[in-house]
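Survey of secondary and tertiary structure
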Amino acid sequence: MLTWTKRGLVFEVARDGVGGWMRHSALTPTPWQLDEQRIRVYAGFRDGAGVSRLGYVDLAADDPSCVLGVSAQPVLDIGRGGCFDDNGMILGDVVEAPGGLHLFYVGFQQVAKAKFLAFSGLALSTDGGEHFQRVQETPILDRAPRRSTIAAIHSAHYDNGLWRLWYAVGDDWESIGGRPFPRYHICYTETRDLHAIPRGDRMCLLPRGDEYRIGRPRVYRLGGRYVMYFTWGDRAGRYQPGVAFSDDGVHWERDDDALGIAPSRDGWDARALCYPALLRQRGKLLMFYNGNDMGMAGFGLAETAFDEGRQAVAGERAHALG
């Protein structure tokens, strides 16, 4: 179990944003180590109409609570009218691989008889992450049986030509107070060709109890095992993170008691804490996350000391005892 220390709301859109296309929110903050001096956090920023575009915030590597700069323009704008991403986007993952910096994102589209559709796109950068170009105008993870409304990649690992992908899958809606909310769960697949991702989904985690959605899977290799941070929502309106562990990245054991972080008593992350994403940084793990209203205020930071070797030994002992 890791114990996280909160460092507060490090990027506040109203204070640090550029206005216009970045009017409010910093959805699904996703950190990337840009260089020795800078951490770049990509996110989806909303305009006055609530439509999100992808941009970034640069933080000081030696003090990640210090904002160094903000993208003046989106690194990726919404798609052409009628395309799957013409009404907003959020971050999925950022991965360095042959061909450039791969940006996986989730595109949103409004339709007449559902709240929205959400499918996964891919863009590439060859200039170090300043600008991205779509590889195609259609999703790379699209509709398939039992994923008719949502197929949202949020973690991608690349190793010797193999892509391992973890994503949220949705097929129907939960009615709460007469309003529709998306039902979804977490799946896995792998491929050597991102233009030919298999249509079959391997189940990882389902909602439990009064939950109706579980998504935004962020998967890491920590302490010799796979660790997944995710966000769940229930009918009571709670929207909070959970954690699961795996030896192979496919079969998971959920253990939210090991999370080590919770909503605050008051303030910007008191009603919700969601979308945690991690970065290793100089003997620490950094967690970037959203708070109330899915990140309307911006994104926050928490940190914990982390020794990879010590955690690996502890993980092996716990696994043997379990």
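Summarised in this report is the structure supplied together with it.

What counts and how
Residues numbered from 1 in each chain as written. Predicted model: local features only at pLDDT ≥ 70, side-chain atom pairs only at ≥ 80, totals over all residues. Heavy atoms only, no water. Core = buried A, V, L, I, M, F, W, Y, C linked by side-chain atoms within 4.5 Å. Buried < 20%, exposed > 50% of the residue type's maximum accessible area, 1.4 Å probe, protein only. Helix = DSSP H or I, 4+ residues; strand = E, 2+ residues; numbered from the N terminus. Contact = heavy atoms within 4.5 Å. Pairing = 2+ DSSP bridges. Axes fitted to C-alpha atoms, helices over the stretch in contact; angles between N-to-C directions. Polar contact = N/O pair within 3.5 Å; in protein donor to acceptor, adjacent residues only side chain to side chain. Phe/Tyr/Trp six-rings, centres within 6.5 Å; stacked < 30°, edge-to-face > 60°. Lys NZ or Arg CZ within 6 Å of the ring centre and 35° of its normal. Salt bridge = Lys/Arg side-chain N within 4 Å of Asp/Glu carboxyl O.

**Concerning the nonpolar core**
Grouped together as the largest cluster of nonpolar side chains are 33 residues, with contacts concentrated most on Tyr42, Leu54, Phe104, Phe132, Ile153, Trp163 and Leu165. If you list the elements that add at least two residues to this core, you get β4 (52-60), β6 (89-97), β7 (100-111), β8 (114-125), β10 (150-159) and β11 (162-176). With five residues, the single largest contributor to this core is β6.

**Quick notes on the environment of Met287**
Position of Met287 relative to the elements: it lies in strand β19 (residues 284-290). Met287 sits in the buried class, given a relative accessible area of 1%. The spacing of Met287 and Val10 is 277 residues in sequence and 12 Å in space, taken between C-alpha atoms. For Met287, the residues in contact, after removing those within four places along its chain, are Trp4, Tyr229, Ile261, Pro276, Ala277, Leu278, Gly300, Leu301 and Ala302.

**Side note on the sheet that holds strand β2 (residues 24-33)**
Ordered by their spatial adjacency, four strands build an open sheet running β2-β3-β4-β5, and the pairing between neighbours is antiparallel. Looking along the sheet, the strands with just one partner apiece sit at the ends: β2 and β5 (63-70). Neighbouring strand axes in the sheet, compared pairwise and without regard to direction, differ in orientation by 35° on average. Relative to strand β3 (residues 38-46), β2 is paired through six bridges, and the arrangement is antiparallel. From the neighbouring strand, Pro31 faces β3, where its bridge partner is Val41.

**What to know about the sheet that holds strand β1 (residues 5-12)**
The strand order β1-β20-β19-β18 describes an open sheet built from four strands, whose pairing is antiparallel. Either end of the sheet is taken by a strand with one partner, and the two such strands are β1 and β18 (274-281). With strand direction ignored, the average angle separating the axes of adjacent strands in the sheet is 25°. In this structure, β18 lies alongside β19, joined through six bridges in antiparallel fashion. Its bridge partner lying in β19, Gln281 is registered against Lys284.

**Some details on the side chain of Ser246**
Assignment of secondary structure puts Ser246 in strand β16 (residues 239-246). When its relative accessible area of 0% is taken as the criterion, Ser246 is described as buried. Polar contacts involving the side chain of Ser246 include one to the side chain of Asp248, which spans 3.0 Å. For Ser246, the side chain forms a polar contact with the main-chain nitrogen of Gly249, separated by 2.7 Å. For Ser246, the contacting residues outside a window of four places in its chain are Arg225, Tyr226, His251 and Trp252.

**Some words on the packing of aromatic side chains**
Applying the stated criterion across every chain yields a total of 16 aromatic pairs. Ring geometry for Tyr42 and Tyr56: centres 6.1 Å apart, planes at 75°, overall edge-to-face. Linking Tyr42 in strand β3 with Tyr56 in strand β4, this pair joins segments that are 14 residues apart in sequence. For the pair shown, Tyr42 and Tyr56 are each scored as buried. Ring centres 5.8 Å apart and planes at 80° place the aromatic pair Tyr42 and Phe132 in the edge-to-face group. You can see Tyr42 sitting in strand β3 and its partner Phe132 sitting in the loop between β8 and β9 (133-134), a full 90 residues away along the chain. Per residue, the accessibility class of Tyr42 equals that of Phe132, and both read buried. Among the aromatic residues, those joined into a cluster by ring pairs are Phe11, Trp21, Phe45, Phe288 and Phe299. Taking the ring centre of Tyr56 as reference, the NZ or CZ of Arg40 above it sits at 3.5 Å.

**Regarding the pattern of salt bridges**
One pass over the full model with this rule turns up 23 salt bridges. Here Arg53 ties to Asp47 by a salt bridge, and the two come within 2.9 Å at their closest N and O atoms. The class for Asp47 is buried, based on a relative accessible area of 14%. Here Arg218 ties to Asp93 by a salt bridge, and the two come within 3.1 Å at their closest N and O atoms. Separated by 125 residues along the polypeptide, Arg218 in strand β14 (residues 211-222) and Asp93 in strand β6 bring together distant segments of the chain. The class for Arg218 is buried, based on a relative accessible area of 4%.

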